[in-house]
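Here is what each chain is made of, one letter per residue.
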Amino acid sequence: MNEYEGLSAEELRTTLRRLRGDLQDLEETFNFNLTHTQAHLARSAVVEHETELNEYREKIVRVLEALNRLGQPEEQSGNA
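Each chain has its residues counted from 1, running along the sequence as written. At least 70 in pLDDT is required for a residue's local features to be given in this predicted model, at least 80 for side-chain atom pairs to be given and counted, and no such filter applies to totals for whole chains, interfaces and linings, which use all residues. Based on all heavy atoms of the structure, the side-chain values leave hydrogens and waters out of the count.

Caption draft 1: Here's a closer look at the overall build of the protein chain. Scanning the protein chain from N- to C-terminus turns up 2 helices and 0 strands. At 15 Å, the protein chain has a C-alpha radius of gyration far larger than the 12 Å of a compact globule built from 80 residues. Along the three orthogonal principal directions, the C-alpha set of the protein chain runs to about 50 × 25 × 15 Å. Looking at the protein chain as shown, the accessible area adds up to about 5700 Å², and 49% of this sits on carbon and sulfur atoms. We count Lys and Arg on the positive side and Asp and Glu on the negative side, and we leave His and both chain ends out. To locate a charge, take atom NZ for lysine, CZ for arginine, CG for aspartate or CD for glutamate. The average position of the 9 basic charges and that of the 16 acidic charges among the side chains of the protein chain differ by 2 Å. Helix and strand definitions follow DSSP, with helices as H or I runs of at least four residues and strands as E runs of at least two, each counted in order from the N terminus. Taken over C-alpha atoms, the radius of gyration is set against a globule rule of 2.2 Å times the number of residues to the power 0.38. Here the open area of atoms and residues is found with the Shrake-Rupley method and a 1.4 Å probe, where only the protein chains shown may cover a residue.

Written out as structure tokens, the structure is:
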């Protein structure tokens with residue numbers, strides 16, 4: 001059982017939208033920092049950012065799994 005099991009389908013969809021938005025913001029910020037700044041990012045910082053992105057991706061998968069268990073598959077408008 002994961003932390004999303006007790007939520008309703010609507011709560012899960014809201015959580016999914018929030019997680020996807022947060023992930024998109026993090027990806028955009030990370031990509032901007034990598035490609036548009038003169039700053040050098042230490043390998044440890046890159047690994048930390050990648051870890052954070054992966055954690056968001058894993059949360060999205062768990063929300064999708066919880067929706068499927070409720071018989072409420074994701075709406076067709078988005079992807080993990």
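Caption draft 2: Looking closely at helix α2 (residues 43-69). Each helix should span, by expectation, one fewer than its residue count multiplied by 1.5 Å. The end-to-end C-alpha distance of α2 is 39 Å, a good match for the 39 Å that 27 residues give at a rise of 1.5 Å each. Listed as buried for α2 are Leu53, Tyr56, Ile60, Val63, Leu64, Ala66 and Leu67. Following α2 by one or two positions, glycine 71 has its phi on the positive side, about 75°. When a residue's accessible area, from a 1.4 Å probe over protein chains only, is under 20% of the maximum for its type it is buried; when over 50% it is exposed; and in between it is partly exposed.

Caption draft 3: Representation of the pattern of salt bridges. Salt bridges are defined by distance alone: a side-chain nitrogen of Lys or Arg within 4 Å of a carboxyl oxygen of Asp or Glu. A complete count under the given rule lists 5 salt bridges for this structure. A salt bridge links glutamate 3 to arginine 62; its shortest N-O distance comes to 3.0 Å. With glutamate 3 in the segment before α1 (9-35) and arginine 62 in helix α2, the pair connects residues that are 59 residues apart, well separated along the chain. According to the relative accessible area criterion, glutamate 3 is partly exposed, its value standing at 49%. With a relative accessible area of 23%, arginine 62 lands in the partly exposed category. Note that glutamate 5 and arginine 69 form a salt bridge whose closest N and O atoms lie 2.3 Å from each other. Of the two residues, glutamate 5 sits in the segment before α1 while arginine 69 sits in helix α2, which places them 64 residues apart along the sequence.

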